[in-house]
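Report on the structure
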Amino acid sequence: MRIAVTYENGQIYQHFGHTEQFKVYDVEDGKVVSSAVVPTNGSGHGALADLLAQMNVNALICGGIGGGARTALAEAGVILYGGCAGDADQAVEDLIAGRLTYDPNVVCSHHHDHGEGHDCGSHGCGHGGEGHDCRHGNCGGAQ
């Protein structure tokens, strides 16, 4: 199994369409056997799903994600674990162990010019309203 995580400084990056890199993990027999940080080369929303498919990724862990990207991932056969935050390595370990908490309905519907420093996780986890900060662990709802 191959798992990708939107990645920045060891953390799950909170806006799929703007991620500059993925950390990709190869998992065998329930253990991570290798990992590498892979640049996206500025691919952008739709092309990122194609990039993941070309890398034979089976699952994606991310924060906020738009509806179009969700559809593209589904068409590429990539299982989405959205609405996550926190340490990327820990999220992968939690997924492997069957304890990753995520929001299957997360959608970043605010696709406009976000501006510098925008954190799509603040409205992408489904817990709370505008301005809610989804950096409370793996976004399982514990506030």
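Residues numbered from 1 in each chain as written. Predicted model: local features only at pLDDT ≥ 70, side-chain atom pairs only at ≥ 80, totals over all residues. Heavy atoms only, no water.

**Looking at the overall build of the chain**
- The helix and strand tally for the chain stands at three helices and six strands.
- Mapped from its N terminus to its C terminus, the chain presents α and β elements in the order β-β-β-β-α-β-α-β-α.
- Of all 143 residues assigned to the chain, the portion counted as buried reaches 45%.
- If you take every contact in the chain between residues at least 6 apart in sequence, the share linking residues at least 24 apart comes to 50%.
- With the model as given, the accessible surface of the chain reaches about 6,900 Å², and the carbon-plus-sulfur share is 44%. (Helix = DSSP H or I, 4+ residues; strand = E, 2+ residues; numbered from the N terminus. Buried < 20%, exposed > 50% of the residue type's maximum accessible area, 1.4 Å probe, protein only. Contact = heavy atoms within 4.5 Å. Areas by Shrake-Rupley, 256 points an atom, 1.4 Å probe, with all protein chains shown as cover.)

**Things to note about the packing of aromatic side chains**
- Taken as a whole, this structure holds two aromatic pairs when the rule is applied.
- With 6.3 Å between their ring centres and 50 degrees between their planes, F16 and F22 make a pair best called tilted.
- Judged by its relative accessible area of 1%, F16 falls in the buried class.
- The exposure class of F22 is buried, given its relative accessible area of 0%.
- Judged by centre distance (4.8 Å) and plane angle (80 degrees), the ring pair of Y81 and Y102 falls under edge-to-face. Of this pair, Y81 sits in strand β6 (residues 79-81) while Y102 sits in the segment after α3 (88-96), and the two are 21 residues apart along the sequence.
- By relative accessible area, which is 33% here, Y102 ends up partly exposed. (Phe/Tyr/Trp six-rings, centres within 6.5 Å; stacked < 30°, edge-to-face > 60°.)

**Digging into the pattern of salt bridges**
- By the definition in use, this model includes three salt bridges.
- In this structure, R99 engages D94 in a salt bridge whose closest nitrogen and oxygen atoms are separated by 2.8 Å. (Salt bridge = Lys/Arg side-chain N within 4 Å of Asp/Glu carboxyl O.)

**Description of the state of the cysteines**
- Within the structure shown, the criterion is met by zero disulfides.
- There is no disulfide at C62, and the cysteine sulfur nearest it, in C84, is 7.2 Å away.
- C84 sits in the buried class, given a relative accessible area of 0%. (Disulfide = S-S within 2.5 Å.)

**Quick notes on α3**
- For α3, the full list of buried residues reads A88, A91, V92, D94 and L95. Viewed end-on, α3 has its buried residues packed into an arc of 160 degrees, placing them on one side of the element.
- Elements in contact with the buried residues of α3: β1 (2-8), β2 (11-12), β3 (21-28), β4 (31-39), β5 (59-61) and β6.
- G98 lies just past α3 and shows a positive phi near 75 degrees. (Arc of directions from axis to C-beta.)

**Focus on the confidence of the model for the chain**
- Residue-level pLDDT values for the chain average 78, and 71% of them are 70 or greater.
- A low-confidence stretch, residues 110-143 (pLDDT under 50), is modelled with 68 contacts involving residues beyond four sequence positions or located in other chains. (pLDDT = per-residue confidence, 0-100.)

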